[in-house]
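Listed below are the residues making up each chain.
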Amino acid sequence: MKLGRVVGTVWATRKVDSLTGLKLLIVRDLDLDHSFKSSFVVAADSVGAGVSEVVLYAGGSSARQTQVTTDRPVDAVIMAIVDRLDVSVSDGDGVESA
Amino acid sequence: MKLGRVVGTVWATRKVDSLTGLKLLIVRDLDLDHSFKSSFVVAADSVGAGVSEVVLYAGGSSARQTQVTTDRPVDAVIMAIVDRLDVSVSDGDGVESA
Amino acid sequence: MKLGRVVGTVWATRKVDSLTGLKLLIVRDLDLDHSFKSSFVVAADSVGAGVSEVVLYAGGSSARQTQVTTDRPVDAVIMAIVDRLDVSVSDGDGVESA
Amino acid sequence: MKLGRVVGTVWATRKVDSLTGLKLLIVRDLDLDHSFKSSFVVAADSVGAGVSEVVLYAGGSSARQTQVTTDRPVDAVIMAIVDRLDVSVSDGDGVESA
Amino acid sequence: MKLGRVVGTVWATRKVDSLTGLKLLIVRDLDLDHSFKSSFVVAADSVGAGVSEVVLYAGGSSARQTQVTTDRPVDAVIMAIVDRLDVSVSDGDGVESA
């Protein structure tokens, strides 16, 4: 999954029927220090996420594994709203190389 | 999903039989400020999109979740024509890091 | 789908049994002005494409949606030979932003 | 699969029901010399991986092929903890080109 | 599919049960002139590939379409050992643009 922040909404009235009622949010990718990356995605919302919230989204066929996205032409879904990140970065190396 | 603008059409007479009748459009990716990115994709049209329209397209197996693309060798489908984007970008950060 | 030009062939005698008889072509990605990109892919051929032809290929699970690739470990398939591209690029913007 | 090191945890209470109980770890991608790349992913844990461990993770639909991720909106799963890498890089070339 | 050279092996004793017995090889991506790219992947071996051999690997769900990878959390599989590449690059352009 990727980490992002909701920055907006896409409005579309002409669309595939199966998308009716689905909220389509614009999510900008976040780095681990919470700064914006340049990339973004449009993701279906399955958890009631709102603008400015930090979220996790899943891509590919896994994006269809929620009640609101099953069998729909959706390749990204917000499946969690992030409460907190615990990040402890270490440059140590516990793996032996031959 | 990704945001793009239809910039053209691909014509192909020699193709897999299951693609007969499918409109194949060239879609250039758009940034949030509506400027063109350098990347593009060829996507099947499922909503009657025309040249110069801003669209959403879905990729991967999700591209086969429309009536016109089911069971076809298609990895990108236009599934919505965009009316409007509401974008409110904020650099604030509501997530606590440990 | 992506646009590419066939630039060669891969020969492999030691391979998964299900790949027997499948033609594996080297396809370099093309830009909209028909210049080569640096990227390439090896794709199964389902339409009798030959070296120097411009083709469309589909990736991911959609690459298995042809008669010659069904249930095979193939993640890219040439599914159309391109006759012509009609490209009309415009920098105008018909989408209103809030 | 990709090689990464677990550098943290994501906490999320508002999420799709099917994610309940799943541990979501932050994994930074590693290069072959064990240095960090700039990219990272949030992956479900299926093997009891802990912070600082070097792991393998699988993406896409393959991420749902473990007991804890089946039918869940998860596009990355840690499926192995790495004991050791044996890397022998050679710039030689045993393939003949026409 | 992508072209790569096997440069090593990953050893992992703590892993998902379904991976038992599977050989996990480190494959560095190759360019068409057989030089190494900077990218690499860890791929399951389905054809008895050895270190220094040039191989083709398939990614995504297609990586599960071999006997040794079916239903396993594996997103890359080596499915052929390359004997020879025939590459004939041309900058000509046989496609008419409108």
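Note that the structure is a prediction, hence the values are computed from the model and not measured.

**Quick word on the interface of chain C and chain B**
(1) Moving on: With 37 residues of chain C at the contact, the number on the chain B side is 38 residues.
(2) Moving on: Counting each side, the surface lost to burial between chain C and chain B is near 3100 Å², with a carbon and sulfur contribution of 54%.
(3) Moving on: One can count one salt bridge joining chain C with chain B.
(4) Moving on: On the surface where chain C and chain B come into contact, there are 15 residue pairs in polar contact (both at pLDDT 80 or more).
(5) Moving on: Every element with two or more residues in the side of chain C that touches chain B is listed here: β5 (54-59), β6 (76-81), β7 (84-87) and β8 (96-97) of chain C.
(6) Moving on: For the side of chain C that touches chain B, the class distribution of residues is 17 nonpolar, eleven polar and nine charged.
(7) Moving on: Here strand β1 (residues 2-11) of chain B runs beside β7 of chain C; their pairing, made up of four bridges, is antiparallel. By the bridge assignment for β7 of chain C, W11 of chain B is matched with R84 of chain C.

**Considering the relation of the copies chain C and chain B**
(1) Moving on: Mapping chain C onto chain B leaves a residual RMSD of 0.0 Å; the transformation is a rotation of 72 degrees accompanied by 0.0 Å of translation along its axis. Accordingly, the operation relating the two chain copies is best matched by a five-fold axis.
(2) Moving on: The fraction of interface residues of chain C whose copies in chain B are also interface residues is only 16%, indicating that the copies meet through different surfaces.

**Describing the relation of the copies chain D and chain A**
Comparison of the two chain copies shows a relationship of rotation about an axis with a shift along it.
(1) Moving on: Least-squares fitting of chain D to chain A yields an RMSD of 0.0 Å, with the superposition described by an axial translation of 0.0 Å and a rotation of 72 degrees.
(2) Moving on: Little of the interface of chain D is mirrored in chain A: 16% of its interface residues are interface residues there too.

**Structural notes on the pattern of salt bridges**
(1) Moving on: Counted under the stated rule, the structure contains 15 salt bridges over all chains.
(2) Moving on: Of the charged contacts in the structure, one is a salt bridge between D45 of chain A and K23 of chain A, with a shortest N-O distance of 3.7 Å. Here the residue D45 of chain A occupies a position in strand β4 (residues 36-45), and K23 of chain A occupies one in the loop between β2 (14-15) and β3 (24-30), the gap between them amounting to 22 residues.
(3) Moving on: We classify D45 of chain A as buried; its relative accessible area is 9%.
(4) Moving on: Assessed through its relative accessible area of 38%, K23 of chain A is described here as partly exposed.
(5) Moving on: A salt bridge links E53 of chain A to R14 of chain D; its shortest N-O distance comes to 3.0 Å.

**Section: the environment of L56 of chain C**
(1) Moving on: With respect to the helices, strands and loops of the structure, L56 of chain C is situated in strand β5.
(2) Moving on: On a C-alpha basis, the gap between L56 of chain C and M79 of chain C in space is 6.2 Å, while along the polypeptide they are 23 residues apart.
(3) Moving on: Among residues more than four places away in sequence, those in contact with L56 of chain C are V10, L24 and V42 of chain B together with M1, K2, L3, V77, I78, M79, A80 and V82 of chain C.

**Overview of the confidence of the model for chain A**
(1) Moving on: Looking at chain A, pLDDT values average 92 and 90% of them are 70 or higher.
(2) Moving on: Low pLDDT, under 50, characterises residues 92-98 of chain A; the stretch is placed with 17 contacts to residues that sit more than four places away or in other chains.

**What to know about the interface of chain D and chain A**
(1) Moving on: On the chain A side, the residues contacting the 38 residues of chain D number 37 residues.
(2) Moving on: Carbon and sulfur atoms supply 54% of the area buried between chain D and chain A, which totals about 3000 Å² over both sides.
(3) Moving on: For the chain D face of the interface with chain A, the top three residues by lost area are W11, R14 and F40 of chain D, together amounting to 22%.
(4) Moving on: Applying the counting criterion to the chain D and chain A interface returns one salt bridge.
(5) Moving on: Linking chain D to chain A there are 15 residue pairs in polar contact (both at pLDDT 80 or more).
(6) Moving on: Only β1 (2-11), β2 (14-15), β3 (24-30), β4 (36-45) and β7 (84-87) of chain D provide two or more residues apiece to the side of chain D that touches chain A.
(7) Moving on: Looking at the side of chain D that touches chain A residue by residue, the class counts come to 21 nonpolar, six polar and eleven charged.
(8) Moving on: In this structure, strand β6 (residues 76-81) of chain A lies alongside β2 of chain D, joined through two bridges in antiparallel fashion. Note that in β2 of chain D the partner of I81 of chain A across the bridge is R14 of chain D.

**What about the pairing of strand β1 (residues 2-11) of chain C?**
Remark: a regular strand shows side chains that alternate across the two faces of the sheet.
Residue and element names in this part refer to chain C.
(1) Moving on: Taking burial as the measure, the ten residues of β1 include eight buried ones, the bulk of the element.
(2) Moving on: The pairing of β1 with β5 spans four bridges and is antiparallel. Residue K2 lies in a different strand from β5, and its bridge partner there is Y57.
(3) Moving on: As judged from the five bridges shared by β1 and strand β3 (residues 24-30), these two strands associate in the antiparallel manner. Within β3, the residue paired with R5 across the bridge is R28.

**Section: the packing of aromatic side chains**
(1) Moving on: Going through the model one piece at a time under the given rule, you end up with zero aromatic pairs over all chains.
(2) Moving on: The cationic tip of R28 of chain A hangs over the ring face of F36 of chain A; the distance from NZ or CZ to the ring centre is 4.1 Å.

**Some remarks on the side chain of D29 of chain E**
Residue and element names in this part refer to chain E.
(1) Moving on: If you trace the backbone, D29 turns up in strand β3 (residues 24-30).
(2) Moving on: Within the buried set, D29 has no salt-bridge partner at all; the shortest N-O distance to an opposite charge, 4.8 Å, is to K2.
(3) Moving on: Side-chain polar atoms of D29 contact the side chain of Y57, separated by 2.5 Å.
(4) Moving on: With residues near it in sequence (within four places) discarded, D29 still touches K2, L3, G4, S35, F36, K37, S39, F40 and Y57.

What counts and how
- Residues numbered from 1 in each chain as written.
- Chains lettered and ligands numbered in written order.
- Predicted model: local features only at pLDDT ≥ 70, side-chain atom pairs only at ≥ 80, totals over all residues.
- Heavy atoms only, no water.
- Contact = heavy atoms within 4.5 Å.
- Buried area = accessible area lost by both parts, 1.4 Å probe.
- Salt bridge = Lys/Arg side-chain N within 4 Å of Asp/Glu carboxyl O.
- Polar contact = N/O pair within 3.5 Å; in protein donor to acceptor, adjacent residues only side chain to side chain.
- Helix = DSSP H or I, 4+ residues; strand = E, 2+ residues; numbered from the N terminus.
- Nonpolar A, V, L, I, M, F, W, Y, C, P; charged D, E, K, R; others polar.
- Pairing = 2+ DSSP bridges.
- Least-squares fit on C-alpha atoms with pLDDT ≥ 70 in both.
- Buried < 20%, exposed > 50% of the residue type's maximum accessible area, 1.4 Å probe, protein only.
- pLDDT = per-residue confidence, 0-100.
- Phe/Tyr/Trp six-rings, centres within 6.5 Å; stacked < 30°, edge-to-face > 60°.
- Lys NZ or Arg CZ within 6 Å of the ring centre and 35° of its normal.
- Lys, Arg positive; Asp, Glu negative; His and termini not counted.

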